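One letter stands for each residue in the lines below.
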Amino acid sequence: MKIEVGYYLLLGLEFLIASDIIDTILNPSFEDLGILAGTVLIRTGLSFFLNKEIENIAKNDPLKD
């Protein structure tokens, strides 16, 4: 259950990153580019560490399918 929720969170983060990129492409400004860069950096870090945690849980889960 935890693993599935984690995968959905990762998918949601990817969609949020994609929507921010599309919004910045359609309405570009230097301020938006800076905000986008910071947002993408933070969300990428969150995705990386969440994925590592999911892999760790999956590896140590005694109730694997």
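These numbers were taken from a predicted model, which means no experiment stands behind them.

### Some remarks on the overall build of the protein chain
In terms of regular secondary structure, the protein chain is built from two helices and zero strands. Whereas a compact globule of 65 residues would reach a radius of gyration of roughly 11 Å, the protein chain reaches 15 Å, over 25% beyond that. By principal-axis analysis of the C-alpha atoms, the protein chain measures approximately 50 × 15 × 10 Å. Split into buried and exposed, the 65 residues of the protein chain put 14% on the buried side. Of the roughly 5300 Å² of accessible surface on the protein chain, 68% is carried by carbon and sulfur atoms. Put simply, the protein chain has 5 plus and 10 minus side-chain charges, and the middle of one group is 12 Å from the middle of the other.

### Quick look at a nonpolar patch on the surface
On the surface, Ile21, Ile22, Ile25 and Leu26 cluster together into a nonpolar patch covering about 410 Å² of accessible area. Tracing the backbone shows Ile25 in helix α1 (residues 2-26).

### Looking at the side chain of Thr24
Within the secondary structure, Thr24 sits in helix α1. Excluding anything up to four places from it in sequence, Thr24 contacts Asp32, Leu33 and Leu36.

The rules behind these values
Residues numbered from 1 in each chain as written. Predicted model: local features only at pLDDT ≥ 70, side-chain atom pairs only at ≥ 80, totals over all residues. Heavy atoms only, no water. Helix = DSSP H or I, 4+ residues; strand = E, 2+ residues; numbered from the N terminus. Rg over C-alpha atoms; globule rule 2.2 N^0.38 Å. Buried < 20%, exposed > 50% of the residue type's maximum accessible area, 1.4 Å probe, protein only. Areas by Shrake-Rupley, 256 points an atom, 1.4 Å probe, with all protein chains shown as cover. Lys, Arg positive; Asp, Glu negative; His and termini not counted. Charge placed at Lys NZ, Arg CZ, Asp CG, Glu CD. Patch = residues over 30% accessible without salt bridge, like charges linked within 9 Å, V, L, I, M, F, W, Y side chains within 5 Å. Salt bridge = Lys/Arg side-chain N within 4 Å of Asp/Glu carboxyl O. Contact = heavy atoms within 4.5 Å.

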